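What follows is each chain in one-letter form.
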Amino acid sequence: MKTPRNIFKGSIRPPDNDSAFILHPHKRGVPNVGRMAHYRDDDEVDMLIVGCGAGGGVLSQRLARRGWRVVVLERGPFWDPDRDWVSDEAGSHKLYWTDKRIVGGSDPVQMGKNNSGHGVGGSMVHYAGYTPRFHPSDFETYTRDGVGADWPISYWDLKEHYERCEAELPVAGQHWPWGDPHGYPMGPHPIGGSAEVAWKGAEDCGIEMRVGPVAITNGAFGNRPHCIYRGFCLEACKVNAKGSPLITHVPDAIEHGAEIRADCMAIRVEYDESAGRVTGVTYLRDGQEHFQRAAAVAVAGYSIETPRLLLNSKSARFPNGLANSNDQVGRYVMVQGASQTAARFAEPMHMYKAPPPEVSSEQFYETDESRGFARGFSIQTVSPMPIGWSEHVIADGHWGYALREYMRDYIHWTVLGVLNELLPHPENRVTLTDEPDQYGMPIPRFDYSQSDNDRANIAYSKKVIQDIWEHADAQDTLTIDRYAHLVGGCRMGDDPDESVVNSDHQSWEVPNLFITDGSVMPTQGSANPALTIMALASRLADRLTSKRVDAQGLRAVPSG
Amino acid sequence: MAKHFRSGDAGHLPNQRKSGGIGPPDELPRQRRGTTPQMYGRYPDWDVLSQQGHWDIVTRNVVLDRVQKVPPFRFFNEEERRTLKAFSDRVTAQDKEPRIPVMSMVDAKLDAGELDGYQFAGMPDDRDVWRIVARGLDETAREAGGHDFASLSEEAQRQIVGRMADGELEGGSWEELDVSKAWSVVTRHILSAFYSHPWAWNEIGFGGPAYPRGYAAFGVGTKEHWEPDPAFDVDPVTDTQDRGLE
């Protein structure tokens, strides 16, 4: 398995990740689960990771490859696409993190299917597949535009990891002219009717579009099948064409000795007062409490669960939650504005076919002072299935006979969406309520309110997509407001008073505690976050395995 | 007398209508194959269930169960069922049989605790929202002179539903929640049940599950050979006569 063989010539093969080649050609489930390593709870592993999504999945593969003894605790199941997933909207409910979360603030964010996953692969199991990079400007919005925050790293620190992850997913798309211009390992997928009309309308108002980038195979890539354009990307890819860590990193991680321990809910990271270090994680499995020992812990539970786990890990030294003396844990959580405008055309569009993400534009990504607000937005096609379409119709105020009439018109419609860079605010935060959940852990509360800049950005972007549809000669349009994605909550920074972790994802207060998911992002750009979360984890793994992270954070680990 | 339709026109859409409200689509053709809710639709010969041989077995079982295994009511009591069935019939315009059993499907989800993963601050748990809404509808119906919501005329029921959609109901049980947010909670559950049902897919011409077959024709104006033709471009009356179906 480890040596490239001639038979693989003609197929793109990442140099240090065999996942696509470990997969079975005729079955979709990860084939090497049966021979996965198992560590005892009292065995002190080198790195214990909480959460097996974009961050945890990549980190586990990278560290295992370099000989680290790695365990990943994952709350959800170890999915087998053949057995567990369906080509059906309502039947995909089990993919989402549906434990209760209280949502407040003046502009509360709906959780669940829109932004929260569980199970091996995380939210990437049900993301649309869009994998754009961030722009160089995203890492210095404070310096450039006086808003948001500067990151402690730059785009150029991540670039090589963007390229590595794009090769592993693998990403298909046209050459990308925005941000740092770049190409992709695979060519663009064909586009459907929805994208054709959007492209024409955009061109007519001087807006450039491109096909992709999507993490969907478009050619030979190990045992990953080609996309069959069935459109159910948000319902998890039963084909194994769309990449998520379940098939892009976990098979290789297991091959190199990592244990992915599914159905385990982490409830506390334990801290040893005398050593000033964390010692492992207490978790629940089948209702039983366990404690896994570890030399270092990386939390990768995403923007709600990561802060929640730290806030719930109280000790005499950290009465307000682990690594939270400065009251920064849980703050600056961000979502992107994601308003959508549907348009009606005389010809049938059949928007349910082909992947929902088809064409997009980043022409409005950076600040343009003439628009009257800082930062910008991107434009992407989205293609709701029937339930999603009905939510769109009723949000525009139609119920009863009117709802049915719009629904019967389904095949004539197509939808464009925006992703607005909404700015980070300290009061947009995760806190704990007094009410316990089924694990006895306090239910989290997420408050979210928009600023004036956020509102101006959203209003402007809605006019742009309306304009595109008018130029495309749409016969009718329906617009709704919504949000997408989650990042922030434990941001990285240069100042220990203003951030939770340093540029190496390492807690300022606890040297062997790391955070390796989207919650470390100080700003969010207008790009879908999955690829950047993976690239961050990939960079951290490089820093750890080449011992560029302060040694006191780790015990003497195997050379690699 | 049925009118002549063109699917390319958008004049039938509620936002584009020049005058009047929108009522039952009596002008649409009757369903000839398969079932649609109330047996009308634009694809009279489309039965998505006829494609089930092309669906993977796991998906097929999930979809067929919705048609063949209507779950018994466990969560709602007798009174709540009566009120909420009438309510969901108005929200989804199911004014006659055959009906998709929306409330049975919602009941099963609530009974199993399958919720959506969030609760608005200041709002009760979704399961309590449903019970309060049932109570509130009956209270408002009594103010309108009825015995309960289900005993009102359909038109009177629609007026109350319209006031709920606009967030305008108040007093009594309605004070226990934010009416607009409650509307969002209950309609989300109702629509998710209704449009998960293959009868609704027949009505809207949706191709249904697509694994392992996938799609090949997705350009503007194209379709797979097995996908339905809209009947909008033909006069349903003369068409049925021409085809000797009546």
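Note that the structure is a prediction, hence the values are computed from the model and not measured.

S.K.: Looking at this structure, how should I read the overall build of chain A?
M.R.: Of the regular secondary structure elements, chain A holds 13 helices and 19 strands. Scaling as 2.2 N^0.38, a compact globule of 560 residues should have a C-alpha radius of gyration of about 24 Å, and chain A matches this with 22 Å. With respect to the three principal axes, the spread of C-alpha positions in chain A is 70 × 55 × 45 Å. Summarising the internal contacts of chain A: among those between residues at least 6 apart in sequence, 75% fall at separations of at least 24. In chain A, which carries 55 positive and 73 negative side-chain charges, the distance between the mean positions of the two groups comes to 6 Å.

S.K.: Teacher, can you tell me more about the interface of chain B and chain A here?
M.R.: By a widespread convention, an interface's size corresponds to the accessible area lost as its parts come together. The interface of chain B with chain A comprises 80 residues on the first partner and 71 residues on the second. Of the roughly 5900 Å² buried at the junction of chain B and chain A (both faces included), carbon and sulfur atoms supply 60%. It is B:Tyr195, B:Tyr211 and B:Phe218 that lose the most area in chain B upon contact with chain A, and together they represent 13% of the buried surface on that side. If you look at where chain B meets chain A, you find nine salt bridges. As a salt-bridge pair, B:Arg42 and A:Glu405 come within 3.9 Å of each other at their nearest N and O atoms. On the surface where chain B and chain A come into contact, there are 31 residue pairs in polar contact (both at pLDDT 80 or more). Those elements giving two or more residues to the side of chain B that touches chain A turn out to be α1 (57-68), α2 (78-91), β1 (119-120), α5 (154-165), α6 (179-194) and α7 (198-204) of chain B.

S.K.: What is the right way to look at the sheet that holds strand β2 (residues 70-73) of chain A in this model?
M.R.: The strands that make up a sheet are held in pairs by hydrogen bonds between backbone atoms, and each pair lies either parallel or antiparallel. Residues and elements named next belong to chain A. Here we have five strands laid out as an open sheet, ordered β5-β2-β1-β9-β19, and parallel in their pairing. Each having just a single partner strand, β5 (259-261) and β19 (513-515) make up the two edges of the open sheet. Strand after strand, the sheet turns through a mean of 20° between neighbouring axes, direction not considered. Note that strand β1 (residues 47-50) and β2 share four bridges and pair parallel. Along β2, the bridge assignment pairs Met47 with Val70.

S.K.: Please clarify how the layout of surface pockets should be interpreted in this entry.
M.R.: Take a probe with the size of a water molecule and roll it over the atoms, and the empty space left behind shows itself. Its boundaries defined by the atoms lining it, the second largest pocket holds a volume of some 290 Å³. A:Thr98, A:Asp99, A:Lys100, A:Gln438 and B:Leu115 are the residues nearest the centre of the second largest pocket, which is lined by 16 residues in total. Mapped onto the lining of the second largest pocket, the elements with two or more residues apiece are β15 (430-436) of chain A together with α4 (126-143) of chain B. Here the lining of the second largest pocket is composed, by residue class, of four nonpolar, five polar and seven charged.

S.K.: Would you take a moment to explain the domain arrangement of chain B for this structure?
M.R.: All names here are of chain B. One can read the domain layout of chain B as domain 1 (24-52 + 200-242) and domain 2 (78-194). Between the C-alpha centres of domain 1 and domain 2 there is a distance of 30 Å. Contacts between the two partners involve nine residues from domain 1, matched on the other side by nine residues from domain 2. When the area that domain 1 buries against domain 2 is broken down by residue, the three leading residues are Pro37, Gln38 and Ala200, summing to 64%. Taken together, domain 1 and domain 2 are joined by zero salt bridges. Where domain 1 meets domain 2, there are three residue pairs in polar contact (both at pLDDT 80 or more). Of the residues that constitute the side of domain 1 that touches domain 2, the class distribution is five nonpolar, three polar and one charged.

S.K.: Where do I start with empty space enclosed by the protein in this structure?
M.R.: Residue and element names in this part refer to chain A. Tallying each qualifying case throughout the model produces nine cavities of 30 Å³ or more. The calculated volume of the largest cavity comes to roughly 100 Å³. Together, Ile216, Cys227, Ile228, Tyr229, Arg230, Gly231, Phe232, Cys233, Cys237, Val239, Ala241 and Lys242 line the largest cavity. Residues of the lining of the largest cavity, tallied by class, amount to nine nonpolar, one polar and two charged.

S.K.: Which parts of the structure should I look at to understand the nonpolar core?
M.R.: The tendency in soluble globular proteins is for nonpolar side chains to be buried as a group. Core analysis: the biggest nonpolar cluster contains 205 residues, and A:Leu322, A:Phe446, A:Leu513, B:Phe87 and B:Met164 have the highest contact counts within it. Of the residues forming this core, the biggest block, ten residues, is contributed by helix α13 (residues 530-545) of chain A. Both domains that meet at this core, namely domain 1 (24-52 + 200-242) and domain 2 (78-194) of chain B, each give it at least three residues. The contact partners of A:Phe446, leaving out residues within four places of it in the chain, are A:Ile102, A:Val103, A:Gly104, A:Val109, A:Met111, A:Ile304, A:Val333, A:Val335, A:Arg429, A:Val430 and A:Leu486. If you look at the next biggest cluster of nonpolar residues, it comprises 22 residues, including A:Ile207, A:Ile379, A:Leu416 and A:Trp469.

S.K.: Even after reading the chapter, I still don't get the sheet that holds strand β3 (residues 102-104) of chain A, so can you show me in this structure?
M.R.: The mixed open sheet is built from four strands, whose spatial order is β15(A)-β16(A)-β3(A)-β1(B). Each edge of the sheet is formed by a strand with only one pairing partner; in this case those strands are β15 of chain A together with β1 of chain B. Bridge count for β3(A) against β1(B) is two bridges, and the pairing is parallel. Pairing of A:Val103 across the sheet is with B:Phe120, part of β1(B). Against the sheet, helix α9 (residues 302-312) of chain A engages β15 and β16 (442-447) of chain A, with an angle of about 65° to β15(A).

S.K.: In this structure, what is going on with the pattern of salt bridges? I would like to understand it.
M.R.: Opposite charge on two side chains permits pairing when their charged atoms draw close. Summed over all chains, the structure comprises 65 salt bridges over all chains. Measuring nitrogen to oxygen at the nearest pair gives 2.8 Å for the salt bridge that ties A:Arg445 to A:Asp447. Under the relative-accessibility criterion, A:Arg445 is labelled partly exposed at 28%. Beyond isolated ion pairs, a larger network of salt bridges with shared partners links A:Arg344, A:Arg404, A:Glu405, A:Arg408, A:Asp409, B:Arg42 and B:Glu203.

Conventions and cut-offs
- Residues numbered from 1 in each chain as written.
- Chains lettered and ligands numbered in written order.
- Predicted model: local features only at pLDDT ≥ 70, side-chain atom pairs only at ≥ 80, totals over all residues.
- Heavy atoms only, no water.
- Helix = DSSP H or I, 4+ residues; strand = E, 2+ residues; numbered from the N terminus.
- Rg over C-alpha atoms; globule rule 2.2 N^0.38 Å.
- Contact = heavy atoms within 4.5 Å.
- Lys, Arg positive; Asp, Glu negative; His and termini not counted.
- Charge placed at Lys NZ, Arg CZ, Asp CG, Glu CD.
- Buried area = accessible area lost by both parts, 1.4 Å probe.
- Salt bridge = Lys/Arg side-chain N within 4 Å of Asp/Glu carboxyl O.
- Polar contact = N/O pair within 3.5 Å; in protein donor to acceptor, adjacent residues only side chain to side chain.
- Pairing = 2+ DSSP bridges.
- Axes fitted to C-alpha atoms, helices over the stretch in contact; angles between N-to-C directions.
- 1 Å grid on protein atoms, 1.4 Å probe; cavity = no way out; pocket = protein on both sides within 12 Å on 5 of 7 lines; lining within 4 Å.
- Points joined across faces, edges and corners; volume = space filled by probe spheres on them.
- Nonpolar A, V, L, I, M, F, W, Y, C, P; charged D, E, K, R; others polar.
- Domains from an automatic or database assignment.
- Core = buried A, V, L, I, M, F, W, Y, C linked by side-chain atoms within 4.5 Å.
- Buried < 20%, exposed > 50% of the residue type's maximum accessible area, 1.4 Å probe, protein only.

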